[in-house]
Each structure stands twice: as C-alpha cells, then as structure tokens.
Amino acid sequence: MPNSELTVGQLSARSGVAVSALHFYEAKGLIRSRRTAGNQRRFTRDTLRRVAFIRVSQRVGIPLKTIQAALSALPEERTPTRDDWARLSATWRSELDDRIKQLQRLRDGLTECIGCGCLSLDRCALANPDDVAAARGPGSRLMVGRPRPYAGGVCEPAG
C-alpha cells in the first residue's frame, strides 16, 4: 500500500468521527499518532479499528477510562487480530450482562411508572420517601442493583 498512514482528516472521514473527537481520544491515550516534520498527525490504518471499538464501547456505556485500559492491553507493534479483540471483549461480558439487566429494570420500572402517571407515589418504585436511598451512596441509587423489598412494602432495586 503506497500510503499506509492516514491524516487526521482522512481518519475522520473514514471513521465518521469528528476531528475534535479524534484529538480528544488521542489526548486521553485511546489512540496514538506520530508527527511529521511539519508537526502534522499521522495515524496507522489500524487506528480505524480502534476508533470503531471506542465508539461501539461508548454506545454500550463503557467509560472512557475502561476503554483506555482495554486498548492499552492491545499490541502496539502490530494490528490487533481477531483473537486480540475477542480476548478484550470477553473481559467485558459480565459487565455488559449487568448493564443489560439494569436497563431492563429501568425499562420495566419506567413503563410501570408511566402507566400509573406518577399519581401513586406510595407504590412507585422510583419514589424515595424520607430519602432512604441516601444511605446507598451518591447519585441515583433506585435503579441500580437487584430488586428487594423495603419498609414501605414496595420492591425497589437495591444499591
């Protein structure tokens, strides 16, 4: 192949990712480039696969820090193989299964909540009387974890 490297503009056009996002990925250590004598970025063609992996990972909710750690385990001296990618994705299987379960609970809880029109706060799994969820930690805790009964008799997800 005459030109085995891509400019940032070419990488953007081929990947469908904005140049600014590519710069951000590089700053976060997700992708790497070399600089020409004129200080222009040049990316190896396997960067297209890495960018695709980053985008798909983000779509399923994997944090950038986790993506960076995974990508750092891939070989830098060669294009990652199918086996490399399979090993990497296998490490996320249980995390993705947990995310699927959380999303199903969220979907089912929202359907129930929307169905009642939020008029029955005493029965709503999303209600938080007396801020009992605060003991579970910061952020939204009601849709995280496994369902369990609480003092009000309603099953709500555990933290």
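Given the structure is predicted, the values throughout are model-derived calculations rather than measurements. Here the residue numbering is sequential within each chain, running from 1 through the sequence in written order. Only residues with pLDDT of 70 or above have their local features reported here, since the model is predicted, and side-chain atom pairs are shown and tallied only from 80 upward, although totals for entire chains, interfaces and linings are computed over all residues. With hydrogens and water set aside, each side-chain value is computed from the structure's full complement of heavy atoms.

> It is not clear to me how the overall build of the protein chain should be interpreted in this structure. Could you clarify?
Looking only at helices and strands, one finds six helices and five strands in the protein chain. Relative accessibility decides the category of a residue: with a 1.4 Å probe and only protein chains considered, values under 20% of the type maximum give buried, values over 50% give exposed, and everything between is partly exposed. Counting all 159 residues of the protein chain, 31% fall into the buried class. Sequence-distant contacts, at least 24 apart, represent 48% of the contacts inside the protein chain between residues at least 6 apart. For accessible areas, the Shrake-Rupley method is used with a probe of radius 1.4 Å. Any residue's cover is judged against the shown protein chains and nothing else. Carbon and sulfur atoms make up 54% of the accessible area of the protein chain, which totals about 10300 Å². Put simply, DSSP H or I for four residues or longer makes a helix, DSSP E for two residues or longer makes a strand, and each gets a number counted from the N terminus. Here a residue-residue contact requires only that any non-hydrogen atoms of the pair lie within 4.5 Å.

> Hey, could you run me through the environment of Gly-61 in this one?
Tracing the sequence through the fold places Gly-61 in the loop between α3 (47-59) and α4 (64-72). When the C-alpha positions of Gly-61 and Arg-99 are compared, they lie 8.2 Å apart, and in sequence the two are 38 residues distant.

> What exactly am I supposed to notice about the packing of helix α1 (residues 8-15) against helix α2 (residues 19-27) here?
Packed helices, taken two at a time, are described by their axes: the angle between them and the distance between them. Running from N to C, α1 and α2 cross one another at 110°; their axes reach a closest spacing of 9 Å. Considering their axes alone, α1 and α2 lie roughly perpendicular with respect to each other. Note on element contacts: α2 touches α1 through Val-19, Leu-22 and His-23, opposite Val-8, Gly-9, Leu-11 and Ser-12. Note on method: axes are straight lines fitted to C-alpha atoms, helices fitted across the in-contact stretch only, with angles between N-to-C directions ranging 0 to 180 degrees. Roughly parallel means an angle under 35 degrees; roughly antiparallel, over 145; roughly perpendicular, 65 to 115; everything else is oblique.

> I'm lost on the side chain of Glu-5 in this one. Help?
Structurally, the position occupied by Glu-5 is in strand β1 (residues 5-6). Judged by its relative accessible area of 17%, Glu-5 falls in the buried class. Side chain to side chain, Glu-5 and Arg-34 meet in a polar contact 2.8 Å long. Among residues more than four places away in sequence, those in contact with Glu-5 are Gln-10, Arg-34, Arg-42, Phe-43 and Arg-45. Within 3.5 Å is the distance limit for a polar contact, defined as a pair of N or O atoms, with the added protein rule that one can donate a hydrogen and the other accept it, and that residues adjacent in sequence qualify only through two side-chain atoms.

> Would you mind showing me how to read the sheet that holds β1 here?
Strand-to-strand pairing in sheets goes through backbone hydrogen bonds, with the strands running parallel or antiparallel. Two strands are counted as paired when DSSP detects at least two bridges linking them. Pairing is antiparallel in the open sheet, where three strands are placed in the order β1-β3-β2. Each edge of the open sheet carries a strand with a single partner, namely β1 and β2 (34-35).

> Teacher, can you tell me more about the nonpolar core here?
Formed by 22 residues in total, the largest nonpolar core has its most connected members in Leu-22, Ile-31, Ile-67 and Leu-71. Contributions of two or more residues to this core are made by α1, α2, α3, α4 and α5 (82-90). A total of four residues in this core trace back to one element, the largest contributor, which is α3. Setting aside its immediate chain neighbours within four residues, Ile-31 contacts Leu-11, Leu-22, Tyr-25, Glu-26, Phe-43, Thr-47, Arg-50, Val-51 and Ile-54. Only buried residues count toward a nonpolar core, which is a set of Ala, Val, Leu, Ile, Met, Phe, Trp, Tyr and Cys residues joined through side-chain atoms within 4.5 Å.

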